[in-house]
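One letter stands for each residue in the lines below.
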Amino acid sequence: MKYAYYPGCSLDATGIEYDIANKLVARTLGIELVEIPDWNCCGATSAHTTNHLLALALPARNLAIAEAHGFEQVAVPCAACFARCKKTAAAVQASPDLQVQISEVIGMTYAAKSEILSYLDVIGKKTGLDHIKKHVVQPLTGLKIAAYYGCLLVRPVDITQSDDPENPMVMDRLLQVIGAEPIAWDYKTECCGASQVVPVPQLGKKLIHDILKNAASYGADAIATACPLCMLNLDMRQKQINAMFGTQFHIPVFHFTELMALSFGYSAQDFGLAKHFESAESLLERMIGGKGA
Amino acid sequence: MRRIGVFICHCGSNIAATVDCAKVAEAARGFPGVVYSADYKYMCSEPGQEFIKAAIAQEDLNAIVVASCTPRMHELTFRKTLANGGLNPYLFEMANLREQCSWVHTDKEKATVKAIDLVKMAAAKANKNEELTSSTMPVHKKALVIGAGIAGMQAALDIADAGHQVVLVEREPTIGGKMPMLDKTFPTMDCSACISTPKMVEVAQHPNIELLAYAEVTEVKGFIGSFTVQIRQKAKYVDHDKCTGCGLCETKCPSKVPNEYDLGLGQRACIYKPFAQAVPNKPVIDPLHCRKLVDNKCGLCAKVCPTGAVNYQDAERLFTDTFGAIVMATGYDLYPWEEIYGEYGYGRFPDVITGLQFERMVNASGPTGGKLKRPSDGQEPKSVVFIKCVGSREPAKAKGYCSRACCMYTAKHAHQVLDKIPDAAVYVFYMDVRAAGKAYDEFYEATLKDGAVYLRGRVSKIYQEGSKLIVKGEDSLLGRPVQVTADLVVLATAMIPSQGSRELAQTVGFLPDLDGWYQEAHPKLRPVETPTAGVFLAGACQGPKDIPDTVAQAGAAAAKVCGLLSKSQLETNPMTARSNPAICSGCGLCVAVCPYKAIQLISLADRDRYGKRINRTVADVNHGLCQGCGACTVTCRSGAIDLQGFKNNQILEEVDALWR
Amino acid sequence: MDIIELSAGGTQHQVEIARLASIAGVELSSCYQCGKCSAGCPEGFAMDESPRRIIRLLQLGLLSEALQARSIWLCAACDTCSTRCPKGVDIAALMETLRQEAKRKALIRDKNIHLFHELFLTNVKWFGRSPEVILSAMYNLMSGNLFQDMDAAAHLFKSGKAHFLPRRIKNTQAIRQIFQRCLEKEEPQ
């Protein structure tokens with residue numbers, strides 16, 4: 001399968017290791033990812049906080065470039081980028097007037113014909129679990145993992161086409177296939193505060209704390225994410241959370257594709273495990289005899 | 001030549017506010033055949049009807065047009081007026097100036113023009129109307145009641161007490177429905193079983209009631225006064241004539257499954273009575289789980305049965321019977337909240353239960369012997385949260401309507417928790433407290449005095465932390481998010497029509513409303529009748545109800561049935577289809593389209609144009625079955641079928657009048 | 001507490017409120033104030049006016065109070081409220097519409113959140129992308145929170161988790177044009 005790939009700014013900045021793992025997984029599974037040439041920022045929350053048209057035009061430019069190159073499917077690994085792209089496509093599909101207006105603003109024709117998929121859905125829904133299972137050489141047996149989806153991959157359902165807004169299972173099934181033990185927990189789709197953690201840290205950190213607390217209460221060894229910002233909040237800020245709440249969380253957090261890469265036999269050096277804040281070393285040691293580390 | 005009188009009704013201000021009635025009356029005087037016209041505030045009132053009668057006599061009228069509301073409302077009223085005034089009632093024509101004009105328009109001038117057109121059309125048809133006469137058909141003096149919950153039992157008893165025969169059909173192995181599952185009933189706190197189980201016995205012993213438990217209605221044919229009904233008696237695998245109900249088989253059966261009657265909180269054997277006071281008080285075998293029936297092993301119950309009543313070869317039985325009237329009393333079920341409530345855990349948390357499960361738990365004859373216990377660990381809950389309107393009043397997620405009984409039973413539950421566990425904390429999340437019944441609000445007040453904490457707001461999320469449930473809501477009166485660490489959460493889930501009720505309605509021959517409740521013929525004036533003549537409604541099948549309302553409605557339905565069965569003959573509707581054999585080609589298209597199976601092809605002895613004897617196939621309408629829908633008349637290619645009262649020339653006259 | 005004089009000036013706001021509700025695709029009269037939105041709102045505990053109260057203010061015609069609430073800035077657009085609303089009210093869309101309106105009227109209740117979004121968009125306008133590290137640095141500098149998240153900086157660079165320098169896209173002209181075309185009609189009133 002061939003996809004236009006829209007990595008988004010985070011995968012070019014604080015989420016480099018996500019990008020690396022995505023590409024390793026794609027290579028193994030025979031998925032061809034072609035980066036959209038000269039892509040720009042989707043505008044994220046800041047654009048749709050500010051101006052309705054801008055929030056649609058920024059993603060539309062990328063999607064129009066992908067269309068111009070003949071792509072029928074666009075893979076988006078970042079949840080925020082995914083949500084913005086999906087909303088843009090839905091808005092343009094719903095209104096021929098808007099389609100004209102957006103095309104004028106971006107100076108290109110955008111027809112909203114291509115299918116936009118989160119990278120999680122590309123792997124979890126389009127690739128086929130049986131196909132993935134064939135490539136698992138190092139099953140993550142015994143790893144009790146909390147699959148964390150956050151907001152933007154699942155809500156609103158009519159835009160994201162998520163399987164369930166309260167208890168999605170796509171990532172859980174995927175993690176099961178690679179041998180891990182996804183746990184049933186309650187904070188799968190609760191918000192991590194996203195970028196609000198920067199301007200209003202006290203607020204955002206409580207949200208992160210509550211997510212970590214619930215995962216820990218169900219005995220999760222680690223948390224898997226499908227969004228670079230969720231990852232950054234849950235991983236980088238654990239230390240800050242512990243300082244603020246007097247807790248002792250040390251829960252390794254992974255991009256879901258990193259766990260897949262591990263199960264496919266790649267070592268931690270192949271991707272960016274060392275870039276994580278919370279060390280996964282002892283966990284991997286216990287789990288797969290340190291082969292990953 | 002017709003001498004038509006036209007009467008324009010103001011319907012108070014319903015029509016007069018939007019239509020200039022005097023102007024319409026004046027215009028009507030110029031229509032062909034109209035010799036008299038007038039307007040009046042309430043044509044349907046006694047002075048209004050007297051006015052029409054007087055005009056018939058004084059003006060020598062022989063056809064009448066009333067322009068008022070819908071024929072569904074008052075066509076019958078005015079036909080009777082004609083009859084009293086000495087005219088054939090079918091010389092009456094009605095123009096609908098309310099539903100089809102004043103209620104849907106705002107521009108008085110244009111509405112008046114339209115009203116004049118509507119009256120012009122009605123007058124044109126009145127010119128062509130013919131005298132019609134009814135015939136009679138016999139009434140089978142036996143009623144069928146479908147569903148034997150408190151509604152069906154009450155209706156059956158009331159009909160039977162009036163001296164009529166009743167067949168009461170119940171699909172479960174026991175009658176009683178949901179009421180005996182309950183512990184106590186609000187607001188009097190009398191024991192539910194103590195007032196419902198004696199009724200069950202009374203039903204079983206009544207000489208005029210034939211009880212068919214574990215049976216279903218599979219086919220209904222016919223019409224008011226004469227419904228032919230097929231009933232399927234499910235296989236019980238126990239001969240109830242031989243069985244003494246000793247219960248030995250139940251104690252010996254080695255297979256146990258969750259008991260539906262306890263909503264999964266308790267277990268039952270595979271040869272079982274749903275509960276100890278079941279009626280009939282004899283067991284049936286569950287064919288899906290019995291080892292003997294599933295893989296021909298075990299057979300213990302047959303071995304221990306002292307009377308040899310167990311019969312593994314038993315099979316279902318079909319039989320038919322004829323009834324004059326049918327009472328629908330199919331009750332309700334609870335919304336399957338587990339399917340939609342992800343934020344409450346999709347049923348994943350064992351200590352989140354429904355109100356009906358609470359009833360079983362708090363019931364002395366229930367699975368815990370009346371002790372409140374957490375299903376997860378059997379501990380006594382010290383902190384209990386009740387959530388109302390789960391699935392009710394939420395059109396975006398489930399149902400838009402209010403389920404009516406939940407405010408009261410939740411107040412009762414809160415009271416019961418505090419009664420049984422005095423040191424418990426009880427929180428009730430509510431939207432409104434709807435306690436409009438007699439002594440209901442006083443009961444709610446008492447629950448507050450007991451110490452229940454009412455919080456106005458919906459709960460957004462329930463999740464588990466260790467062995468506790470965290471319940472997150474908002475106290476919308478305070479305007480602050482609140483959180484309760486709870487041991488047990490009880491959901492007041494929405495009432496929905498009982499499973500299979502939509503299909504049953506189709507079988508009987510009427511349509512439920514959008515939510516699946518059985519639709520009454522008129523919400524105010526015909527609340528216990530369906531649009532299908534001879535079919536009546538009792539209890540929650542018509543909409544969510546508590547026990548007092550259900551019993552009252554069952555009594556009302558019974559009174560209607562008794563009224564019908566007290567007659568030995570019914571007048572038939574003369575507005576039925578007639579086929580003219582002279583021009584019928586016998587193509588049979590009308591047979592195919594008739595929804596009432598009222599038309600059949602018959603062979604007619606005739607002569608061809610050379611005088612030779614031949615047999616021709618022609619359509620023949622059964623006037624008892626025909627409901628006058630007109631589907632055949634528009635299908636008939638040769639124009640052989642015409643509907644009395646709606647003949648083609650009458651309809652065309654109306655259309656032509658519009659352009660004159 | 002001040003008495004709200006409901007009859008004064010309510011109607012003139014009604015037109016404005018109806019316009020905003022229609023942009024958000026929300027039927028304000030649908031809301032029956034159950035508070036499920038506010039109970040489930042992850043930011044609710046920090047809000048001055050809960051989402052439910054924002055709707056209530058609009059139902060009563062108190063538009064300027066709604067526009068001056070900090071809540072509309074705190075909303076993280078997570079959509080939990082809209083997803084769970086029993087009446088299908090898209091509360092998140094309403095919060096977004098109100099935020100955009102407040103911005104147009106230069107009613108900025110949370111300077112830091114506003115600053116963050118402004119800086120974010122300035123970067124996007126300049127580079128075509130959002131250079132997260134530069135954004136954080138600029139934000140710290142301009143908000144006065146100099147040392148925020150500095151604990152993480154060392155690891156970020158040592159491990160190579162983040163690029164230090166922003167990558168500019170080639171066609172920055174196209175992006176500047178998009179900004180210009182979208183924002184030209186939107187000068188603050």
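I will try to describe carefully the structure that is included in this document. Since we're looking at a predicted model, the values are computed, not measured.

**Description of the interface of chain A and chain C**
- The interface is formed by 59 residues belonging to chain A together with 54 residues belonging to chain C.
- The junction of chain A with chain C conceals about 5200 Å² of combined surface from both sides, 58% of it contributed by carbon and sulfur atoms.
- Along the contact surface separating chain A from chain C lie four salt bridges.
- A salt bridge links A:Asp12 to C:Arg129, with the nearest nitrogen and oxygen atoms 3.6 Å apart.
- Connecting chain A to chain C are 28 residue pairs in polar contact (both at pLDDT 80 or more).
- Secondary structure elements with two or more residues in the side of chain A that touches chain C: helix H1 (16-29), helix H2 (44-50), helix H3 (52-68), helix H5 (96-106), helix H10 (201-217) and helix H11 (228-236) of chain A.
- Of the residues forming the side of chain A that touches chain C, the biggest block, seven residues, is contributed by H2(A).
- Of the residues belonging to the side of chain A that touches chain C, the class tally is 29 nonpolar, 18 polar and twelve charged.

**Comments concerning helix H3 (residues 51-59) of chain C**
- Listing the buried residues of H3(C) in full gives C:Pro51, C:Arg52, C:Ile54, C:Ile55, C:Leu57 and C:Leu58.
- Looking one or two residues beyond H3(C), the residue adopting positive phi is C:Gly61, at roughly 85 degrees.

**Structural notes on the nonpolar core**
- Counting 127 residues, the largest nonpolar core has A:Tyr110, A:Ile123, A:Phe256, A:Leu259 and A:Met260 as the members making the most contacts within it.
- A:Tyr110 has contacts with A:Ala60, A:Leu63, A:Ala64, A:Glu67, A:Thr88, A:Ala89, A:Val92, A:Gln99, A:Ile102, A:Ser103 and A:Ile116, leaving out every residue within four places of it along the chain.
- By size, the runner-up hydrophobic cluster in this structure holds 59 residues, among which are B:Ile150, B:Ala160, B:Ala329 and B:Leu356.

**Considerations on the sheet that holds strand S21 (residues 383-390) of chain B**
All names here are of chain B.
- A sheet is described by the order of its strands in space; here five strands give the open sequence S20-S27-S21-S22-S23, paired in parallel fashion. This sheet does not close on itself; its edge strands, each paired only once, are strand S20 (352-354) and strand S23 (453-456). On average, adjacent strands in this sheet sit at an angle of 25 degrees to one another, irrespective of strand direction.
- The sheet contact formed by S20 and strand S27 (residues 488-493) spans three bridges and is parallel. Residue pairing across strands places Thr-354 opposite Leu-491, the latter belonging to S27.
- Each of S20, S21 and S27 touches helix H10 (residues 355-362); the most contacted strand, S20, lies at about 90 degrees to it.
- Sitting on the sheet, helix H11 (residues 406-420) is in contact with S21, strand S22 (425-430), S23 and S27, with an inclination near 175 degrees to S21.

**Examining the interface of chain B and chain C**
- Contacts between the two partners involve 20 residues from chain B, matched on the other side by 17 residues from chain C.
- Buried surface at the junction of chain B and chain C, summed over both partners, amounts to about 1400 Å²; 51% is from carbon and sulfur atoms.
- Between chain B and chain C we count two salt bridges in total.
- The salt bridge partner of B:Glu343 is C:Lys36, with a shortest N-O separation of 2.8 Å.

**Section: unusual backbone geometry**
- The peptide bond linking B:Phe186 to B:Pro187 adopts the cis configuration, its omega dihedral lying at -10 degrees.
- For B:Pro187, the position within the fold is in the loop between strand S8 (184-185) and strand S9 (190-191).
- Residue B:Pro280 is reached from B:Val279 by a cis peptide bond, and omega for that bond is 0 degrees.
- Locating B:Pro280 in the fold gives a position in the loop between strand S15 (271-272) and strand S16 (284-285).
- We note that A:Ala44 has phi near 45 degrees; this positive angle belongs to a residue other than glycine.
- The residue A:Ala44 is located in helix H2 in this model.
- Taking relative accessible area as the criterion, A:Ala44 reaches 16% and is therefore assigned buried.
- Of note, B:Asp60 is a non-glycine position whose phi angle comes to about 55 degrees, a positive value.
- Relative to the assigned elements, B:Asp60 resides in the loop between helix H2 (46-59) and strand S3 (63-68).

Here is what the cut-offs are and how they apply
- Residues numbered from 1 in each chain as written.
- Chains lettered and ligands numbered in written order.
- Predicted model: local features only at pLDDT ≥ 70, side-chain atom pairs only at ≥ 80, totals over all residues.
- Heavy atoms only, no water.
- Contact = heavy atoms within 4.5 Å.
- Buried area = accessible area lost by both parts, 1.4 Å probe.
- Salt bridge = Lys/Arg side-chain N within 4 Å of Asp/Glu carboxyl O.
- Polar contact = N/O pair within 3.5 Å; in protein donor to acceptor, adjacent residues only side chain to side chain.
- Helix = DSSP H or I, 4+ residues; strand = E, 2+ residues; numbered from the N terminus.
- Nonpolar A, V, L, I, M, F, W, Y, C, P; charged D, E, K, R; others polar.
- Buried < 20%, exposed > 50% of the residue type's maximum accessible area, 1.4 Å probe, protein only.
- Core = buried A, V, L, I, M, F, W, Y, C linked by side-chain atoms within 4.5 Å.
- Pairing = 2+ DSSP bridges.
- Axes fitted to C-alpha atoms, helices over the stretch in contact; angles between N-to-C directions.

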